[in-house]
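Descriptive analysis of the structure
As a plain string of letters, each chain reads:
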Amino acid sequence: MSISRSESQNHYNGRRRSNTAQSIFKNPPVSQPLKYGDTKVLTAWVHDPKDSPNITLNQSWWPGVAEGDLLRLTPQTDPSTGFLFKVTKDEGNNKHQLQISIPRHIADRFGLKNSGEVSLTKVDPSEWSADYVELVFQDQYLGRNEMWRLERHLVGQCIYVDQEISFIGVIAAKVHAIYISEKKVSTAYITSRTKVVFRSLSAKVTMFIQVCRELWGFAGDGERYYEKIVHSFLPELFSRWREAGTTHIVTIVLISRVYYDESEIQYAAGPLRQDDDGKWYKDFFKVITDLEVVYDWKKTLVSLKDSFWAFQRDILLAHHHHRAALMSPSANPDQARLIGRISYAHQGPILEALNLGFNPTETHYIDRSFSLTGSSTIIITPGTGYFRVNKQLLRLTTTRMLDQGFAIDLVSLGKPPLHQSPVFCFRGYEPEIRPDLIGIGKVGARSLDPLWGGDEGLPLEKEKSLFWWEPFWMSVSFWDKQMDLPFRQDRFVARGRMHEIEMLGLLDHDVLSSTALPFLPDLRDPNSTPNAEGITAADADRYDTDVFTLKQETKPLALLSRNSLSSSTGTSGSLPPVWYRGDVAKRPLSNRLSDNPKIPPIQESPYRQSLELPPEDSVSQYKQRLSVASTMPGLSKSPSQSSMRSVRTETSAKTATEPKAESSQPTRPAPIPRPSAKSIFSPAWLFSQFRSGLSQPQASPVSATAVKSPPPPAVMSHALASRAPPQMSNIAHTPAPLLPKPMNIKNPSVGRSSTRLDDDLLSHRSSYTRHSPIGTPPREEATFGKRRSGTLSSGIAPMSSSSPIVRMNPLNPATGVPYPMSSLAQRWQHIFAQPLYKHDIKWKSMITPGCLPLTVEYFPPSSELESSYDVFSYEFVVDPPEMKSFLVRPPSVTGYSETVRRAWALEVMRGMVALRLAQGFQFVIRPTNTDANRDNAVTLRRSLSYGAVIEDINPKPAGAAEVLKSVDDPVFLSMSNEIHRISYVGDSIQMRRYVRRMPRSEPFEYKCLIWPKLGVGYTELSTSFVSHGLENYGWNRLDMLVAGYENQFNESLRYWRTRFLVIPADDVPQSSIGPAGEKLNDEEIRLLGMDKLAELFSKLRWVSPDDKGKPIPPVRFLPTDLYPVSSVLDDGIVAQLDEIHAAGPLRKKMKSERDIGDMTLADIAKAMREEEGVPIKDHRWHGITYSNSFVGAEMVSWMVREFRDISSREQAVEMGEKLREQGLFEHCRKAHGFLDGYYFYVLRGEYIVPMTPRGGWFRSGRHASGNENNARAAPGSLTQGRASTSNRKSKKRLILSQSMVIDIDPNKRSDQAECVLLHHDIIHNPATCFHFELQWIGTTARCIDDILRQWSRAIERYGLKLVEGYVSQISDIRDRNPFQSCFPLPLAVSPPVIPDLEQRVPEGTQTAHYFETAILRKFQFVLDIEAGHLYPDQVDVVYSYRRAPFTYSQWVHRSGVAFVQVLGGSEGFLFLTNRLMAPGRLGTAHKQQRPAAAAEDLRIKLNEFCSDKDALQRFYDEEISRLGQPHLEEPPSLDL
């Protein structure tokens, strides 16, 4: 009996037989999953990336591999290289011979060849997850919203160095570096915790070079400082720029300050100012390069060196001589005097220069460049980084720096000083705790900071003190070819500078005999280095080892000076103090006590003791051993004796014998403790505090409530204890506790109870263990890169009104920073993938400036939120049917209403977050130490008072990519002084704002002298520095705009905007053939190009949900040969303008029942003359009147609207051509067939009927008056009238622009809505410029740039050029950028005055500045915008995108490289290079000459002509002779 194979496989006794062939080839046996470390060698193929961009793995060759496994591929030839990839789903379509196939670009990158062997290893994703990834990008504007979306896109991907990253098809970036545990790797896996750092190769770089007395001095290597700039530093920087391929736009400015004596003030008249010491000075700024992309820096360096040579002459002699000549032209030049003295480096106008540079960057959203991202400021100084500054200006500078989100690079040309650098010194009042604020809990950490506090409620007679402050927003690099290498034992050389000796000539003999050095008393520590006699090299080495060795066990002792900050109210501290940790805590007590027998324990006593001050040498030993930098009254009056981390405790009842602890001048300086090698070699605190796990907050477990009971008997003020000499501590010595316990700071002489103070002053929240504000220890070589952890508790420590103020000592810097500074500095914490060191030159930030990170881990404690912040909140209901926002893409969700509502809420919240990111906000994420975070949350729950804010307990994401994964997760966004919390509650989105209470920021008035690049000398500038914070930002209106409940931009929203010009180019149009094959002239071709642009606008129009399905009129321009001022008086144009605003002439009749194919020519002619027919009237063009004519475009619109058998304009053109051929009408000059455009036609023969214009065209009621609402601008327009309310009633209000929302992503490549607001002109003269402006907020800039390039390519063939221009008039450019200025072009001969000029020129010609405009036409300029005062008084002209009328008429060159404004008369013109037209921008791709060079050539030629009296007179005579000729001939520019 035979059975088939299929039958043989049936179940037998419940078991199916296996098919051997299928088992082998289709269903292999299930193998065990791979383990980490398993390896397989396979043969690799190489395929084209077009076939597949991913790596293809045939899983049958490696049983056990599964989808999602992370594999590392390495070549067999070089196992040290390789990359990671994730295994994708096996589709089973691979050839059996194929083992693994790699895309060609990856194979070329790693040197893999076809049929070569590669090794695959399964790796653990946690070990290969990147901590930091640096991306670089070029020639594009990458907004912060795009950065966030790109970071989310990268999650789950494997990347390698030099990999090209593409996002939504438009954003391109390259992987520059990858870091895992602070080490560079070549490949890694991206997780949601990975922090992406964005660096720009195309940034705006501003370079300030300080000119001071030291600049002409000699450095230690014998080279002058100014030579170091032009011979070594700048060439090195420019060489590195060239190697990296950067395209930065650079501005270089020389800055200087000149002081004058009282006797010189009258002669040195001008913008004189006084500093804090009452000295008179003037500030000078000279611009060397102005927003230029420089390719050959040799000319710039030569110009810079020449400026150094001439600088002193210019500001000390020529400047005053020039001013004297201006004030009294008859003055004798011999009377010019050399006055003034250039300041030292520490007196220079550093902060003033920075604030001048902030002015243009604060309005970066205006005239937004699509090829630049980021901003960098470099200050080059021959000083050491120490500056005397004004306190108000320093506070304002810090605030503006935080708002703008970029840091400063300071380049010092000298060797590193023996003090902290950079450091600012200012005078201010000692901050005090006001008793009236303590009881209500309104005292914050900043009120005790010398910069932010010490202003309000202080007596006027109080004396100012000298404070030192380290700018956390500035990093320093020391440029010295022979720099001291700190890690070599034989390279450190003690040095001192003696200017008098350096300046002595070679012939000055016997130098030392005439040089007196002050006697230095022998204050040698008896335990220090002995005399030189009998010292061996081994003894010296042993001593150096003892002094400089980094000892772990000295850490807790170094913190004793901070016990005054760690106080407790009656708690004995069951847990050891926080700083009692690490290796020291694990050692036996006997070892710890025997480590340093010279340090006796501190005896604690509740009684105030009056003690004699110890000798200076013993105190020096005591301080040096303890690393205590507490101020000791009696030893020094210098403020530099108090460390940044030290505490100065003063009692309110000072005895008469106690000297003041503050004085600007030291009287008897005490020996300064030598900074440990550990602190010298450690990175700057700005960078070290951001490293993960290096330190923990110095806090003690204390109670959260204030206790009024007296302190425990075993407690005394630590300030007194620190003053006690070592011998005193040995009296009645008792066994000391392990470490001093936290103690209450209480002034016995004041009967005021200890009151609760913010815990932010005392201890940082333990959840933020990565950024300790207190006691951050420096790095050690032994523990470098290792992570430490600790479980901390947070509390609120009570403090009395006499609490110490945190002070900084630049000569003895501490390793940590005060909480007010560290909390602000953490805004940049996630930009440092590796620690930076003081002695390193920060090339990375100067070559590829980093953008502000998207995330920050700092969040203020709950007590600080309660005491220092004001809370504002609002909410709005999520109602999907009512949300019609063009900023949010509707979610593709259907189903239950609640599901749809939540989907809408998620999209709206993402839109709200995106717009806040664009304004500089950062996501608040949870710190790396999650265990400490959880413990802290528990402590907070126990200690918070009833009704306290508990925002910091809410869970926060681990990275930016985890934000808004669900609508249930609240979002926290932080800026320097503001925190936003966005959440979805019930059916509403709730927005809560926390705004820090800050002292009122007063404007800083400033005057200086600036020499622009194109200037002829120093000109005075008066400006004010103001902080444009976001406290008064219209967040509610912005959120309503996102949700769709509002549809208008407001000036307060700081939306992005750019203005574009369509210029009739000097190039001949590429084609002269019309759409019907007819020959057209240049002007007609350009009109066709404008029709094409209107068509492109119409295609991209965004349609709201309510208008979908409704006929929407396309965009329509009104051609004219009149200039703007004359066009507003033309009744025909005004009537058409009104028709466009009234909803458009192309709307289809709802009940159109006529068919034009069934009508005779007579019936058609009769229908054309009906009330709603084709407008037949007199038309004028180039001075010729065409009576009883109509426009072809208007007849096309009429046919589409009236007849149901005409459904498109193309059909209307075909029907019109048939009617013309049948004899209904003809072209006015019989030159063209029927065309859809601004062409004039007349009826023929029996159909000719003289027409009078219908009254509706000329009734004044058809004009858009100011009181009518039907002519208002489209949603989003910024309509502003210029007339006053009283005059507006008598004026006709004409809106000469239209507004609409366009969708610039019609193919939906992006993951969000991509809409912008388009404002465009309606009236267009082909001989002048056409304007449109784009406004957006949160839109992807690359999408905008792509659509602009499409428009530019489309109209170029018609002889039109698309160029970006300034939003405001060029005469106001200095208000926004003080370093940029117009070049004056006065006329050597004033234009003649012709009395009867209006009668001698053609009708409609503008006679104002007639000869000036003729000069501009001679040099190929065309009109941009007319001056506002030239419009008739009876007309109120409004453009929706113009904020204010122009003071002068503005013209632009046909190439777009320069603008000119007409001043009139002998003043001539103002010339400005169009810096927005950079290489690679719109309109520059096909030009051989760079825009800046072309503009400079044009300026020189125009200046030569305007300065030539004979040439000007000949030109005037020629123009006058033309006026006498009759204008009878027909203009050849247009054949109608």
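Structural data are supplied above this passage.
Please read all numbers here as calculations on a predicted model, not as lab measurements.

1. Observations regarding the packing of aromatic side chains
According to the stated counting rule, one finds 53 aromatic pairs in the structure shown. Seen in terms of ring centroids, F370 and W1336 are 5.4 Å apart; in terms of plane orientation they differ by 20 degrees. Their pairing is stacked. Here F370, found in the loop between α7 (350–362) and β19 (375–381), pairs with W1336, found in strand β47 (residues 1330–1336); they are 966 residues apart in sequence, far enough to count as distant. Residues F370 and W1336 agree in their burial class; the two are buried. Geometrically, the ring pair formed by Y1033 and W1035 is tilted, given 4.2 Å between the ring centres and 45 degrees between the ring planes.

2. Things to note about empty space enclosed by the protein
Roughly 200 Å³ of internal volume is contained in the largest cavity. In this structure, the largest cavity is lined by 22 residues; those nearest its centre are P1124, D1321, I1323, C1329 and Y1439. Among the elements that make up the lining of the largest cavity, the one with the highest residue count is strand β50 (residues 1421–1425) (3 residues). Residue composition of the lining of the largest cavity, by class: 12 nonpolar, 6 polar and 4 charged. The volume enclosed by the second largest cavity comes to roughly 150 Å³. In terms of lining, the second largest cavity is formed by 18 residues, of which the most central are S823, Y858, S974, M975 and S976. Classifying every residue of the lining of the second largest cavity gives 8 nonpolar, 6 polar and 4 charged.

3. Topic: helix α28 (residues 1131–1141)
One full turn of an α-helix is made of 3.6 residues, so residues set three or four places apart face in the same direction. The buried fraction of α28 amounts to 10 of the 11 residues, a majority that puts the element mostly inside the structure. Restricting attention to buried positions, one finds in α28 the residues G1132, I1133, V1134, A1135, Q1136, L1137, D1138, E1139, I1140 and H1141. If you check the start of α28, you find a side-chain oxygen 3.0 Å away from the backbone N of G1132, and it comes from D1130.

4. A word on the sheet that holds strand β32 (residues 971–975)
A sheet is described by the order of its strands in space; here 6 strands give the open sequence β29-β31-β32-β33-β34-β30, paired in mixed fashion. The two strands at the open ends of the sheet, each matched to only one other strand, are β29 (855–856) and β30 (869–877). For β29 and strand β31 (residues 922–924), the ladder comprises 2 bridges, and the chain directions are parallel. Each residue of the ladder has a partner; that of T855, found in β31, is F923. Sheet strands touched by helix α25 (residues 1035–1043): β30, β33 (978–985) and β34 (988–996). Its angle to β30, the strand with the most contacts, is close to 25 degrees.

5. Quick notes on the packing of helix α26 (residues 1082–1099) against helix α34 (residues 1341–1356)
Remark: α26 packs on α34, axes separated minimally by 9 Å, with the N-to-C direction vectors making an angle of 155 degrees. Relative to α34, the element α26 is oriented roughly antiparallel. Between α26 and α34 lies a crossing whose hand is right-handed. Listed contacts from α34 to G1089, L1093, L1096 and F1097 of α26 are W1351, A1354 and I1355. Looking at side-chain class alone, the contact of α26 with α34 contains 6 nonpolar, 1 polar and no charged residues.

Calculation rules
Residues numbered from 1 in each chain as written. Predicted model: local features only at pLDDT ≥ 70, side-chain atom pairs only at ≥ 80, totals over all residues. Heavy atoms only, no water. Phe/Tyr/Trp six-rings, centres within 6.5 Å; stacked < 30°, edge-to-face > 60°. Helix = DSSP H or I, 4+ residues; strand = E, 2+ residues; numbered from the N terminus. Buried < 20%, exposed > 50% of the residue type's maximum accessible area, 1.4 Å probe, protein only. 1 Å grid on protein atoms, 1.4 Å probe; cavity = no way out; pocket = protein on both sides within 12 Å on 5 of 7 lines; lining within 4 Å. Points joined across faces, edges and corners; volume = space filled by probe spheres on them. Nonpolar A, V, L, I, M, F, W, Y, C, P; charged D, E, K, R; others polar. Polar contact = N/O pair within 3.5 Å; in protein donor to acceptor, adjacent residues only side chain to side chain. Pairing = 2+ DSSP bridges. Contact = heavy atoms within 4.5 Å. Axes fitted to C-alpha atoms, helices over the stretch in contact; angles between N-to-C directions. Parallel < 35°, antiparallel > 145°, perpendicular 65-115°, else oblique. Left-handed = near helix turned anticlockwise from the far one by under 90°.

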